[in-house]
Amino acid sequence: MNDFTWLLTGAGLAGGLVVLALGVVSARRRRSTSPRRSSRAANRDDALAPSGREWAIIERMAEGLVVLSNLLRPVAANRAGRELLGFPEGSLPPRLPSDEVRTVARRALDRSGAVEEVVSIWFPARKTLRVRAEPLDSRGGVVVVIEDVTEELETQRIRREFVAHASHELKSPVASMQTLAEALRHAVREDPSAAQRFADRIEFESARLGRLIGDLLDLSRLEDPEAVPQEVVDLSAGAKRVLEDAEHEAVSKEITLDVEISDGVFVKGDEAQMAVLVRNLVENAVRYTPEGGRVSVDVYQEDESAVVRVSDNGIGIPMEAQGRVFERFYRVDRARSRDRGGTGLGLAIVKHVAELHGGIVELESELGRGSIFTARVPAVPPRPQRIASAG
């Protein structure tokens, strides 16, 4: 962002652009009143078309700016404005392609004052625009500043949904623990066996709450791409340590854990995040594999990629759900996931970590036969001077 753009942003970008455009157009109009210039209506639109150094600055700005005549005919537009509204290459259309933007401009003229609205357009692409229109002067014409807020509004929507889901997920174990604590208080003297069951369930719910909070903290750290260090990480050594921790849960479910980890697999990134990626994939496989099942973990280098492949012969994932399993809080079976201690965030974190490290996550699954998750991250050679181990 250049200094001029930064200055306008700090002072109110839309208003700053309008003021600048008004100044440019007014100067052009003053020049157009010279005796050498015609005063006919055909030249009035031309007089609206700004020029000079100031317009050259506007031409380079990210926000769109369009100058319209009093008949709402486009007479000037910067590069961003032409692209946002789909103007033909190298020319101006006789009328605005967007009726929504045109309506905002018309209201500004009718009211003889500034009008700002958020509108949705479908041409040249589906977008949401913040449009500010302000009349030029008593002789007609209007300047329109356009900002594409599609991504901004989508981000706000995702954040609202995330807060709502997170609040619900946090409320669930807390409410369960409150109910169980009440039941435990009454059962501790009259029914010791029931009291023990309630205590075990409280321990389970508190552990799930702890995992959920931990996953939320992981996600918050992953939201900032600048937080990913560019250090060489020994993925092989880190994966071995993760598997040592996961072995206890696998043994408790009598699940066979087949591990094949090649030595010397290195990636560039964050050691803790890569450990989380491996751990979440393994925990997910163990959690959804029935007792007596089998989980395989392979870490190796394939061409230019470091590969983490985790497969199981568990319950599998329906085809219609496979495109959504990496969404935050999405569960194929919500009741079963909660009973198994899942938070609904593990695979979302895996996908986020892989993408932050320039990689991808792939899924192959068949209902009733199991799943294969494969994470691929660019591999790098080890650096003898400093090698950090994930885990």
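Residues numbered from 1 in each chain as written. Predicted model: local features only at pLDDT ≥ 70, side-chain atom pairs only at ≥ 80, totals over all residues. Heavy atoms only, no water.

Describing the overall build of the protein
Line of reasoning, step 1. Looking only at helices and strands, the protein features 12 helices and 13 strands.
Line of reasoning, step 2. When each of the 391 residues of the protein is scored for burial, the buried share is 45%.
Line of reasoning, step 3. Taking the intrachain contacts of the protein between residues at least 6 apart in sequence as the baseline, contacts between residues at least 24 apart amount to 62%.
Line of reasoning, step 4. For the protein, the accessible area works out to roughly 20,900 Å², and carbon and sulfur atoms hold 50% of it. (Helix = DSSP H or I, 4+ residues; strand = E, 2+ residues; numbered from the N terminus. Buried < 20%, exposed > 50% of the residue type's maximum accessible area, 1.4 Å probe, protein only. Contact = heavy atoms within 4.5 Å. Areas by Shrake-Rupley, 256 points an atom, 1.4 Å probe, with all protein chains shown as cover.)

Observations concerning the pattern of salt bridges
Line of reasoning, step 1. In total, this model carries 18 salt bridges according to the counting rule given.
Line of reasoning, step 2. A salt bridge links Asp 298 to Arg 309, with the shortest nitrogen-to-oxygen separation between them at 4.0 Å. Here Arg 309 lies in strand β10 (residues 305-312) and Asp 298 lies in strand β9 (residues 294-302), a separation of 11 residues in the sequence.
Line of reasoning, step 3. Residue class for Arg 309 comes out partly exposed when judged on its relative accessible area of 27%.
Line of reasoning, step 4. Several salt bridges converge on common partners, so that one network encompasses Glu 116, Arg 130, Arg 132, Glu 134, Glu 147 and Glu 152. (Salt bridge = Lys/Arg side-chain N within 4 Å of Asp/Glu carboxyl O.)

A look at the packing of aromatic side chains
Line of reasoning, step 1. If you walk through the whole model with that rule in mind, you get 1 aromatic pair.
Line of reasoning, step 2. Between Phe 326 and Phe 373 the ring centres are 6.1 Å apart and the planes differ by 85°, which places this aromatic pair in the edge-to-face class. With a gap of 47 residues between them, Phe 326 in the loop between β10 and α11 (334-339) and Phe 373 in strand β12 (residues 370-378) connect regions that are remote in the sequence. By the burial criterion, Phe 326 is buried, and Phe 373 matches it. (Phe/Tyr/Trp six-rings, centres within 6.5 Å; stacked < 30°, edge-to-face > 60°.)

Let's talk about the sheet that holds β12
Line of reasoning, step 1. The 5 strands are arranged β7-β9-β10-β12-β11 in an open sheet whose pairing can be described as mixed. Looking along the sheet, the strands with just one partner apiece sit at the ends: β7 (256-261) and β11 (360-366). The sheet shows a mean angle of 10° between the axes of neighbouring strands, direction not considered.
Line of reasoning, step 2. Alignment of β11 against β12, held across 7 bridges, turns out to be antiparallel. Bridging across to β12, Ile 360 finds its partner in Arg 376.
Line of reasoning, step 3. Sitting on the sheet, helix α10 (residues 271-287) touches β9, β10 and β12, and the angle it makes with β10 is about 20°. (Pairing = 2+ DSSP bridges. Axes fitted to C-alpha atoms, helices over the stretch in contact; angles between N-to-C directions.)

Comments concerning the side chain of Thr 289
Line of reasoning, step 1. In this structure, Thr 289 sits in the loop between α10 and β9.
Line of reasoning, step 2. Here Ala 285 takes part through its backbone oxygen, which lies 2.6 Å from a polar atom of the side chain of Thr 289.
Line of reasoning, step 3. With sequence-adjacent residues up to four places away left out, Thr 289 is seen in contact with Lys 253, Ile 255, Arg 294, Val 295, Asp 312, Asn 313 and Gly 314. (Polar contact = N/O pair within 3.5 Å; in protein donor to acceptor, adjacent residues only side chain to side chain.)

Section: the pairing of strand β5 (residues 142-148)
Line of reasoning, step 1. For β5, a buried count of 5 out of 7 residues is recorded, marking the element as mostly surrounded by other parts of the structure.
Line of reasoning, step 2. Here 5 bridges tie strand β1 (residues 64-68) to β5, and the two strands are oriented antiparallel to one another. The residue bridging Leu 68 from the neighbouring strand is Val 142, located in β5.

What to know about α10
Line of reasoning, step 1. For α10, which comprises 17 residues, the first-to-last C-alpha distance of 24 Å matches the rise-based estimate of 24 Å (1.5 Å per residue) to within 8%.
Line of reasoning, step 2. Among the 17 residues of α10, 13 are classified as buried, and the element is accordingly described as predominantly covered.
Line of reasoning, step 3. The N-terminus of α10 is capped by Asp 270, whose side-chain oxygen sits 3.0 Å from the backbone nitrogen of Ala 272. (Expected span 1.5 Å × (residues − 1).)

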